[in-house]
Amino acid sequence: MAEAAGLIGLVEDDPDQAALYGYWLEQAGFTVRHYEDAGDFRRRLGVESVDLLLLDWNLPDESGLDILTWLRRDGHTKLPVIFLTARNDESDVVAGLRAGADDYLSKPPRQGELLARVDAMLRRVGLGQDAASVEDLPPFVVDYSRRRVSLQARDVSLTEREFDLAAFLFRRRGRVVSREALLEGVWNIRSDVATRTVDTHISRLRKKLELAGEHGWRLNAVYQHGYRLEQG
């Protein structure tokens, strides 16, 4: 199965702007989750996850800077965040970057530049359109094009779905991935479908790839959030 170009979160309270940016992103092949304010984003983050966040600064309930600070303190240190805001004074840019933003884009953005910034950021974290086809992650080698995972130079026998799940997690290593994101990204089904399929496959993958810490990698459940594949 081919992964989508990326799942983009958009925190934007202006419905017209949200519709326009969402249209640009979806036309470019991205999947977009829109959050209408900070509270909406906070509530849904517990059951959803995104590959990159486009964050407005001026929100009706709290500032984007508050959201960013909360994200970084709450353990979402690897989630790429791009401020998309009308605040473009140098002091605001500096404050946003120092708080943990990865990039800063002034409104109104140009379509081509917005898409280029998003794609460049995703490439930086290994999720862009030209992401590596093979990754050496000792003692694993993940060959995405040939759909193989080897452990200590030995190919591990995985089903098609198990490989899809492994690829999804290795691409997003170090980050919390929600159960809902796995259902949509790996199984291509709605997140409200009642199933323990994810949990069963996670258990099998943990056993087959020995992801309980034996080789320095762990596939852990994150309470009320999902799963995280991490090294160390």
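The notes below deal with the structure included here. Please read these numbers as outputs of a predicted model, since none were measured by experiment.

**Topic: the sheet that holds strand S1 (residues 7–11)**
- Across the sheet, which stays open at both edges, the five strands sit in the order S2-S1-S3-S4-S5 with parallel pairing between neighbours. Taken across any chain shown, the strands that pair with only one partner, and hence form the sheet edges, are strand S2 (31–35) and strand S5 (103–106). Going from strand to strand, the sheet's axes swing by 20 degrees on average, the running direction of each strand aside.
- Sheet strands in contact with helix H2 (residues 38–45) are S1, S2 and strand S3 (52–55), and its direction is about 120 degrees off that of S2.

**Let's talk about the pattern of salt bridges**
- Scanning all chains against the criterion turns up 22 salt bridges.
- Between aspartate 103 and arginine 117 there is a salt bridge, with the nearest N and O atoms lying 3.0 Å from each other. Of this pair, aspartate 103 sits in strand S5 while arginine 117 sits in helix H5 (residues 111–124), placing them 14 residues apart in sequence.
- Salt-bridge contacts for aspartate 119 lead to arginine 123; the nearest nitrogen and oxygen are separated by 2.9 Å. Taken together, the residues span about one helical turn, with aspartate 119 and arginine 123 both in helix H5 at a distance of four residues.
- A relative accessible area of 18% means that aspartate 119 is categorised as buried.
- Overlapping salt bridges, with partners in common, bring together Asp103, Arg110, Glu113 and Arg117 in one network.

**Quick word on the nonpolar core**
- In terms of nonpolar packing, the biggest core is built from 30 residues, with Leu169, Phe170, Leu182 and Leu209 touching the most fellow members.
- Those elements giving two or more residues to this core turn out to be strand S7 (140–143), strand S8 (148–151), helix H6 (160–171), helix H7 (179–187), helix H8 (197–208), strand S11 (217–222) and strand S12 (226–231).
- With seven residues, the single largest contributor to this core is H6.
- Aside from chain neighbours lying at most four places away, what touches leucine 182 is Leu165, Phe168, Leu169, Val177, Trp187, Val198 and Tyr227.
- Core analysis: the second largest hydrophobic core is formed by 20 residues, Leu7, Leu45, Ala101 and Tyr104 among them.

About the thresholds
Residues numbered from 1 in each chain as written. Predicted model: local features only at pLDDT ≥ 70, side-chain atom pairs only at ≥ 80, totals over all residues. Heavy atoms only, no water. Pairing = 2+ DSSP bridges. Helix = DSSP H or I, 4+ residues; strand = E, 2+ residues; numbered from the N terminus. Axes fitted to C-alpha atoms, helices over the stretch in contact; angles between N-to-C directions. Contact = heavy atoms within 4.5 Å. Salt bridge = Lys/Arg side-chain N within 4 Å of Asp/Glu carboxyl O. Buried < 20%, exposed > 50% of the residue type's maximum accessible area, 1.4 Å probe, protein only. Core = buried A, V, L, I, M, F, W, Y, C linked by side-chain atoms within 4.5 Å.

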